[in-house]
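Each chain is listed here by its residues.
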Amino acid sequence: MQFGIFSVGDVTPDPTTGRTPTERDRIKAMVAIALKAEEVGLDVFATGEHHNPPFVPSSPTTMLGYIAARAERLILSTATTLITTNDPVKIAEDFAMLQHLADGRVDLMMGRGNTGPVYPWFGQDIRQGINLAIENYALLHRLWREDVVNWEGKFRTPLQSFTSTPRPLDGVPPFVWHGSIRSPEIAEQAAYYGDGFFHNNIFWPADHTKRMVELYRTRYAHYGHGTPEQAIVGLGGHIFMRRNSQDAVREFRPYFDVAPVYGHGPSLEDFTDQTPLTVGTPEQVIEKTLAFREYAGDYQRQLFLVDHAGLPLKTVLEQIDMLGEEVVPVLRREFAAGRSADVPEAPTHASLKAAQEVTTV
Amino acid sequence: MKLVVVSAGLSVPSSTRLLGDRLAAAVGGQSDVDVEVVELRDLAVEIAHHFTNGFPGRKLAAAIDAVTSADGLVVVTPGSCRRRANGCSSASYSGLFKSFFDVIEPEALAGMPVLIAATGGTARHSLVLEHALRPLFAYLRAVVVPTGVYAASEDWGAEGLDGRIERAAGELAGLMAGRPAKKGAEPEVVPFEEQLAALRPAG
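Bear in mind that the values here come from a model prediction, so they are computed numbers and not experimental data. (Residues numbered from 1 in each chain as written. Chains lettered and ligands numbered in written order. Predicted model: local features only at pLDDT ≥ 70, side-chain atom pairs only at ≥ 80, totals over all residues. Heavy atoms only, no water.)

1. Describing the overall build of chain B
Next, step 1: In terms of helices and strands, chain B carries seven helices and six strands.
Next, step 2: Taking the principal axes of the C-alpha coordinates as reference, chain B spans close to 70 × 40 × 35 Å.
Next, step 3: Scored against the burial criterion, the 203 residues of chain B give a buried share of 47%.
Next, step 4: Taking the contacts inside chain B whose residues are at least 6 apart along the sequence as the reference set, 76% of them involve residues at least 24 apart.
Next, step 5: Total accessible area computed for chain B in this model is approximately 9,800 Å², and 54% of it derives from carbon and sulfur atoms.
Next, step 6: Positive and negative side-chain charges of chain B, numbering 19 and 23 respectively, have mean locations separated by a distance of 7 Å. (Helix = DSSP H or I, 4+ residues; strand = E, 2+ residues; numbered from the N terminus. Buried < 20%, exposed > 50% of the residue type's maximum accessible area, 1.4 Å probe, protein only. Contact = heavy atoms within 4.5 Å. Areas by Shrake-Rupley, 256 points an atom, 1.4 Å probe, with all protein chains shown as cover. Lys, Arg positive; Asp, Glu negative; His and termini not counted. Charge placed at Lys NZ, Arg CZ, Asp CG, Glu CD.)

Right, dumping it as structure tokens:
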């Protein structure tokens, strides 16, 4: 099972000091977070993609390429890549390039984006969000698998005799996850292709996650990729840890209370009760994370959100240290126990390459 | 059949709730219904949190389930009056009333028989039913009975209110009895090939 960090990349004032990091600070902090993840033995770093303030990561492959050069094992990923407003041709090229530079340590997650004006800024219409996700990905899927593509669709200029370069490393397209909070069409899309499905599993009650994952698993089997239990599922998680649970609550509350997205709403206690958020000790994080399996089944990838709402970099790095030293080793052991032998690991470049060699021999 | 009363009255006791109860009893007199009352006052904080978080707390989720799974609704809001302490609203339904219907999925009340009712300081505001409530439920594609019931303070001591209550209740009971059976809660998945085919250029 893979463990990692996903970052939204928000520039938010630290409510306890009033200090706002510069864009440069935040971009460098994201790199430091990724490198810390590798240092403590985590497997994945995924960045968001945004095209409006207060977010910095508009150019994910630039950032991931830089991290790839400085890390050795870490898988670089996204959460998410906007399949709606990016040109699928450019996604094909950018991520194939990244794949070569990173020696295959790359996958990516498709998402639609929920910021209304981003669509018109990129010449699209948010009401076509699902259709854009479907058509653009259908093209991307072909660009990585067919050397020469002739194509015509609804949303983009037709292509005649187009070859996307560089070709995927070793002829193996990057593995793709599809992320959605509550659109069944996206779970269906992931299932159809036999791709991974990721539920962010934060800020919402777990029953959203459960419903979407169940649908994906059922449809994955329907399309003949394997049993429902063999479908490739990733989940998010939202944590803040200290050795002592009261210290965690005391330190995190000022950030929680005014956080973007969920701040100025219910109390930290109510939110912890109603969503997958854990604020407490490493043991409490272990307990709650292991319980994800009860509604999502055995899954392949767990990403944690640790760096939002203005938390200082030092605090975030401490969180990742605790994940690496105390939480993830236990989660690896406990998740492995009782996991059925025919539940696969998350696909990697190496495993996909090996599978391709078997089928072509 | 299940009848749910949604009352946005804020004072305790509330004339808005009183009107809701009268209407529910009148519907019960004309058909066999189980009545459940949703008091929005008890849900005010969870409704506000739904706006900040995008998901309902447990009590609110139960209320939304009750309303969307009902066979018919009686909805009652305070209308206009000049006494803020009584939970009066300004020239429309109350903000709390509207907020509750703002957090319900827009398709969830399609075809739902609804009896609209309001209370207020004077009969001068009685058209709130026609210019505010009826368009709201039309937007939600609910089926609103022809008779809306408005009770000004003076109506509680005058003739005529009970006749309007009976007429509106009869209309609601009739609609509820004639409503087709509810669809199952099975989530609908459009098979992927169909989604893809819909995007293919013609010819």
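2. Some thoughts on the overall build of chain A
Next, step 1: The secondary structure content of chain A amounts to twelve helices and twelve strands.
Next, step 2: A globule of 361 residues ought to have a C-alpha radius of gyration of about 21 Å, and chain A, at 20 Å, matches this closely.
Next, step 3: Taken along the three principal axes of its C-alpha coordinates, chain A extends 60 × 45 × 40 Å.
Next, step 4: Each of the 361 residues in chain A was classed as buried or not, and the buried ones make up 57%.
Next, step 5: Taking all contacts inside chain A whose residues are at least 6 apart in sequence as the whole, residues at least 24 apart take part in 72%.
Next, step 6: Accessible area for chain A stands at about 14,600 Å²; split by element, carbon and sulfur atoms hold 53% of it.
Next, step 7: Averaging the coordinates of the 33 positive side-chain charges in chain A and doing the same for the 45 negative ones gives two points 2 Å apart. (Rg over C-alpha atoms; globule rule 2.2 N^0.38 Å.)

3. Things to note about the pattern of salt bridges
Residue and element names in this part refer to chain A.
Next, step 1: Applying the stated criterion across every chain yields a total of 32 salt bridges over all chains.
Next, step 2: Residue arginine 26 pairs with aspartate 307 through a salt bridge whose shortest N-O separation is 3.0 Å. A residue pair is termed long-range when its members are at least 10 positions apart, and arginine 26 in helix 1 (residues 23–39) and aspartate 307 in the loop between strand 12 (301–305) and helix 11 (313–336) qualify at 281 residues. Like aspartate 307, arginine 26 is buried.
Next, step 3: With its nearest N and O atoms 2.9 Å apart, the salt bridge here joins arginine 243 to glutamate 326. With arginine 243 in the loop between strand 10 (233–241) and helix 8 (245–257) and glutamate 326 in helix 11, the pair connects residues that are 83 residues apart, well separated along the chain.
Next, step 4: Accessibility expressed as a relative area gives 55% for arginine 243, which makes it exposed.
Next, step 5: Residue glutamate 326 is classed as partly exposed on the basis of its relative accessible area of 24%.
Next, step 6: The network of salt bridges with shared partners includes Arg242, Glu251, Lys314 and Glu318. (Salt bridge = Lys/Arg side-chain N within 4 Å of Asp/Glu carboxyl O.)

4. Examining the UniProt feature "domain: Luciferase-like" (unreviewed entry) in chain A
Next, step 1: Residues given the UniProt feature "domain: Luciferase-like" (unreviewed entry) here are residues 1–295 of chain A.
Next, step 2: In residues 1–295 of chain A, the share of helix is 41% and the share of strand is 17%. The end C-alpha atoms are 17 Å apart. (UniProt positions renumbered as here; feature names shortened; annotations may be inferred.)

5. Points about the nonpolar core
Next, step 1: With 111 residues, the main nonpolar core has Ile5, Leu42, Phe45, Ile67, Tyr216, Phe252 and Leu323 of chain A as its most contacted residues.
Next, step 2: Setting aside residues no more than four positions away along its own chain, tyrosine 216 of chain A makes contact with Ala187, Ala190, Ala191, Asp195, Gly196, Phe197, Ala231, Ile232 and Val233 of chain A.
Next, step 3: Ala66, Val75, Phe97 and Val114 of chain B belong to the second largest nonpolar core, which has 38 residues in total. (Core = buried A, V, L, I, M, F, W, Y, C linked by side-chain atoms within 4.5 Å.)

6. A word on the packing of helix 1 of chain A against helix 2 (residues 60–70) of chain A
A pair of packed helices can be characterised by two numbers: the angle between their axes and the separation between those axes.
Residue and element names in this part refer to chain A.
Next, step 1: Direction vectors running N to C along helix 1 and helix 2 enclose 40 degrees, while the axes themselves pass 10 Å from each other. Taken together, helix 1 and helix 2 sit at an angle that is classed as oblique. Judged by the twist between their axes, the crossing of helix 1 over helix 2 is right-handed. In contact with Ile27, Lys28, Met30, Val31, Ala34 and Leu35 of helix 1, helix 2 contributes Met63, Tyr66, Ile67 and Arg70.
Next, step 2: Looking at the contact of helix 1 with helix 2, its residues break down into eight nonpolar, no polar and two charged. (Axes fitted to C-alpha atoms, helices over the stretch in contact; angles between N-to-C directions. Parallel < 35°, antiparallel > 145°, perpendicular 65-115°, else oblique. Left-handed = near helix turned anticlockwise from the far one by under 90°. Nonpolar A, V, L, I, M, F, W, Y, C, P; charged D, E, K, R; others polar.)

7. A word on the packing of helix 2 (residues 44–53) of chain B against helix 4 (residues 95–102) of chain B
Residues and elements named next belong to chain B.
Next, step 1: One can describe the packing of helix 2 onto helix 4 by two numbers: an axis separation of 10 Å at closest approach and a directional angle of 55 degrees. By the angle between their axes, helix 2 is oblique relative to helix 4. Judged by the twist between their axes, the crossing of helix 2 over helix 4 is left-handed. Across the interface between the two elements, Ala44, Ile47 and Phe51 of helix 2 pack against Leu96, Ser99, Phe100 and Asp102 of helix 4.
Next, step 2: For the contact of helix 2 with helix 4, the per-class residue count stands at five nonpolar, one polar and one charged.

8. Looking at the environment of leucine 76 of chain A
All names here are of chain A.
Next, step 1: When you line up the elements, leucine 76 lands in strand 3 (residues 75–78).
Next, step 2: On the basis of relative accessible area, leucine 76 is assigned to the buried category, the value being 0%.
Next, step 3: Between the C-alpha atom of leucine 76 and that of lysine 90, which follows or precedes it by 14 residues, the distance is 18 Å.
Next, step 4: Contacts of leucine 76, omitting those with residues within four sequence positions, involve Phe45, Leu64, Ile67, Ala68, Ala102, Arg105, Val106 and Asp107.

9. A short note on the interface of chain A and chain B
Next, step 1: Across the boundary between the two partners, chain A contributes 31 residues, which contact 18 residues of chain B.
Next, step 2: Between chain A and chain B lies a buried interface of about 1,900 Å² when both sides are counted; carbon and sulfur atoms form 61% of it.
Next, step 3: For the chain A face of the interface with chain B, the top three residues by lost area are Ile134, Tyr192 and Gln274 of chain A, together amounting to 24%.
Next, step 4: Inspection of the region where chain A meets chain B yields two salt bridges.
Next, step 5: Across the chain A-chain B interface, the total number found is five residue pairs in polar contact (both at pLDDT 80 or more).
Next, step 6: A per-class count over the side of chain A that touches chain B returns 15 nonpolar, eight polar and eight charged. (Buried area = accessible area lost by both parts, 1.4 Å probe. Polar contact = N/O pair within 3.5 Å; in protein donor to acceptor, adjacent residues only side chain to side chain.)

10. What to know about the side chain of threonine 81 of chain A
Residues and elements named next belong to chain A.
Next, step 1: With respect to the secondary-structure elements, threonine 81 resides in strand 4 (residues 81–82).
Next, step 2: Among the polar contacts listed, one links the side chain of threonine 81 to the side chain of threonine 78, at a separation of 2.8 Å.
Next, step 3: Aside from chain neighbours lying at most four places away, what touches threonine 81 is Glu49, Asn86, Ile91, Phe95, Leu108, Met109, Met110 and Gly111.

11. Details of empty space enclosed by the protein
Here the idea is plain: a probe the size of a water molecule rolls over the atoms and shows the empty space left.
Residue and element names in this part refer to chain A.
Next, step 1: Counted under the stated rule, the structure contains one cavity of 30 Å³ or more.
Next, step 2: By volume, the largest cavity amounts to about 40 Å³.
Next, step 3: Elements supplying a minimum of two residues to the lining of the largest cavity: strand 5 (107–111), strand 8 (175–179) and helix 6 (184–193).
Next, step 4: Looking at the lining of the largest cavity residue by residue, the classes come out as four nonpolar, four polar and one charged. (1 Å grid on protein atoms, 1.4 Å probe; cavity = no way out; pocket = protein on both sides within 12 Å on 5 of 7 lines; lining within 4 Å. Points joined across faces, edges and corners; volume = space filled by probe spheres on them.)

12. A word on the layout of surface pockets
Residues and elements named next belong to chain A.
Next, step 1: Roughly 1,400 Å³ of volume is contained in the second largest pocket.
Next, step 2: Surrounding the second largest pocket, 46 residues form its lining, His50, Gly113, Asn114, Ile181 and Asn200 being those nearest its centre.
Next, step 3: Only strand 1 (2–7), strand 5, helix 4 (118–121), helix 5 (129–143) and strand 9 (196–199) provide two or more residues apiece to the lining of the second largest pocket.
Next, step 4: A class-by-class count of the residues in the lining of the second largest pocket yields 20 nonpolar, 22 polar and four charged.

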